[in-house]
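A closer look at the structure
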Amino acid sequence: MPVPVSKQWTRVRTLGRGASGAEVFLAADDASGDLFAVKSASASGAAALRREQAVMAGLHSPHVVSCVGGRAGRDGSYQLFLEYAPGGSLADKVAKSGGLDEITVRAYAADVARGLAYLHGESMVHGDVKARNVVLDANGRAKLADFGCARKACSGAKIVGGTPAFMAPEVARGEEQGPAADVWALGCTVVEMATGRAPWSCMVGDALAAMHRIAYTDAVPEVPQWLSAEAKDFLVMCLVRQASDRCTAAELLGHPFLACSVALDTKLEEDVKNKWVSPKSTLDAAFWESESDTDEAEEELSPSSAERIKALACTASALPDWESDEGWIDVLSAAPTEAQVAVAVPALETTDPDDSVISDEATIAECGVLDTALEYGGDSGAANAGEGDRGSVEGTSPPTYY
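As the structure is a computational prediction, the values presented were derived from the model and not from experiment.

Regarding the pairing of strand E4 (residues 67-72)
In the case of a regular strand, side chains alternate between the two sheet surfaces. One ladder, built from five bridges, connects E4 with strand E5 (residues 78-82); its direction is antiparallel. In the sheet register, cysteine 67 faces E5, and the bridge partner there is leucine 82. In this antiparallel pair of consecutive strands, E4 and E5, the connection spans five residues, and glycine 76 shows a positive phi of 95 degrees.

What about the packing of aromatic side chains?
A complete count under the given rule lists five aromatic pairs for this structure. Here tryptophan 9 and phenylalanine 81 contribute two aromatic rings whose centre-to-centre distance is 5.8 Å and whose plane-to-plane angle is 80 degrees, an arrangement assigned as edge-to-face. Here tryptophan 9 is found in strand E1 (residues 9-17), whereas its partner phenylalanine 81 is found in strand E5, with 72 residues between them in sequence. Lying across the ring of phenylalanine 25, arginine 11 places its NZ or CZ 4.3 Å from the centre.

Overview of the packing of helix H5 (residues 179-195) against helix H7 (residues 229-238)
H7 packs onto H5 with a crossing angle of 145 degrees between their chain directions and a minimal axis gap of 8 Å. Where H5 crosses over H7, the handedness of that crossing is left-handed. Between H5, through Val183, Trp184, Leu186, Gly187, Val190 and Val191, and H7, the contact on the second element is made entirely by Phe234, Leu235 and Cys238. Across the contact of H5 with H7, the residue classes tally to eight nonpolar, one polar and no charged.

What about the environment of glycine 140?
Turning to its location among the elements, glycine 140 is positioned in the loop between strand E7 (134-136) and strand E8 (142-144). In this structure the C-alpha to C-alpha distance between glycine 140 and tyrosine 108, which are 32 residues apart in sequence, comes to 9.1 Å.

Side note on the pattern of salt bridges
Inspection of every chain in the model, using the stated rule, returns 10 salt bridges. A salt bridge links arginine 132 to aspartate 92, with the nearest nitrogen and oxygen atoms 3.1 Å apart. Separated by 40 residues along the polypeptide, arginine 132 in the loop between strand E6 (124-125) and E7 and aspartate 92 in helix H2 (residues 90-97) bring together distant segments of the chain. Of the charged contacts in the structure, one is a salt bridge between arginine 173 and glutamate 175, with a shortest N-O distance of 2.9 Å. Among the charged side chains, a salt-bridge network with shared partners connects Glu102, Arg106 and Glu230.

Details of empty space enclosed by the protein
Taken as a whole and judged by the stated rule, the model has one cavity of 30 Å³ or more. One number sums up the size of the largest cavity: a volume of about 80 Å³. What lines the largest cavity is a set of 14 residues, and nearest its centre among them are Gly127, Phe166, Met167, Gln177 and Ala185. At the level of elements, strand E10 (160-162) and H5 are the ones that each hand at least two residues to the lining of the largest cavity. Across the lining of the largest cavity, the residue classes tally to seven nonpolar, five polar and two charged.

Definitions and limits used
- Residues numbered from 1 in each chain as written.
- Predicted model: local features only at pLDDT ≥ 70, side-chain atom pairs only at ≥ 80, totals over all residues.
- Heavy atoms only, no water.
- Pairing = 2+ DSSP bridges.
- Helix = DSSP H or I, 4+ residues; strand = E, 2+ residues; numbered from the N terminus.
- Phe/Tyr/Trp six-rings, centres within 6.5 Å; stacked < 30°, edge-to-face > 60°.
- Lys NZ or Arg CZ within 6 Å of the ring centre and 35° of its normal.
- Axes fitted to C-alpha atoms, helices over the stretch in contact; angles between N-to-C directions.
- Left-handed = near helix turned anticlockwise from the far one by under 90°.
- Contact = heavy atoms within 4.5 Å.
- Nonpolar A, V, L, I, M, F, W, Y, C, P; charged D, E, K, R; others polar.
- Salt bridge = Lys/Arg side-chain N within 4 Å of Asp/Glu carboxyl O.
- 1 Å grid on protein atoms, 1.4 Å probe; cavity = no way out; pocket = protein on both sides within 12 Å on 5 of 7 lines; lining within 4 Å.
- Points joined across faces, edges and corners; volume = space filled by probe spheres on them.

Okay, structure coming up:
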């Protein structure tokens, strides 16, 4: 459940950074200790975050990340407060394992399809469905996140966007982007989960040729041969090149590939419970077991006390650099003397309503030209509207790739 945010909160650690200086960090409410995520943008990206908040404000579904508020800084920056998903992004889980087994793929695909069915029922289009924009909650369930490219399906505006490798043919041609485009992207996400790679990965480095192939040929993403007949049939239903011939997300929930995933929900949640306890606030012991800002896996503790004590020892080269000025602040003594003495103490990261964090997006981007999100259409000029690895570009015609 999303929690309300009071006026005072403390920054805990960074969750992700985008290539353009974007950032999302974990924060704790000073009054309650509850944890939430903060998506921050400088003045140049504040309008995009305000727009995203307006889109998310009307969404209420267990399959969609909740927005719990937002706040503007005096310098024009903006911070968007979001439900914290302790499981991280689905893309990170896929990358760590190099691909998921079909049982797990079914469960996550069903969650994403439920989220899309809800959005489409609200006349909304996500616009950038992929594993990077799906997060895992405390129960291991998948939720749609990053609504920087989302818009009303019936708005009539001919604006399309998203990540090229996940774009439907009609989107790649710059024609339209309706609910059917999200269904195509769902199929691409299933391929990504199964293979550990984005679709069209064989063409990384030649984005222009890849976009032409998506838009103007009869090609579809390659389907892994090891998948079951049900999985292959599901992908055939998603990856129909003609948008009007694709199934809807609601119809796909009745497909055998997803229908049987209901029986897998209990297993997935049990697996999560056996691995970890989700932190709800800074008072939870599990929250303090990992404070690293990196994605490296934690090493298992040695069962031997002697080995654990030995592991605490370190060489001189591993000791902190006490002479470095980085990470320290000077604090003057309370009673000033003729020569005031400066004492160095570690800096504590906190924030109040007027603090600003310079950044623009939300999660760490995957490298590669084909995983860069673009948005074009209209005549409003350039704007950053996405999260993580998306650099959005608006114009009157489809983008040119070099």
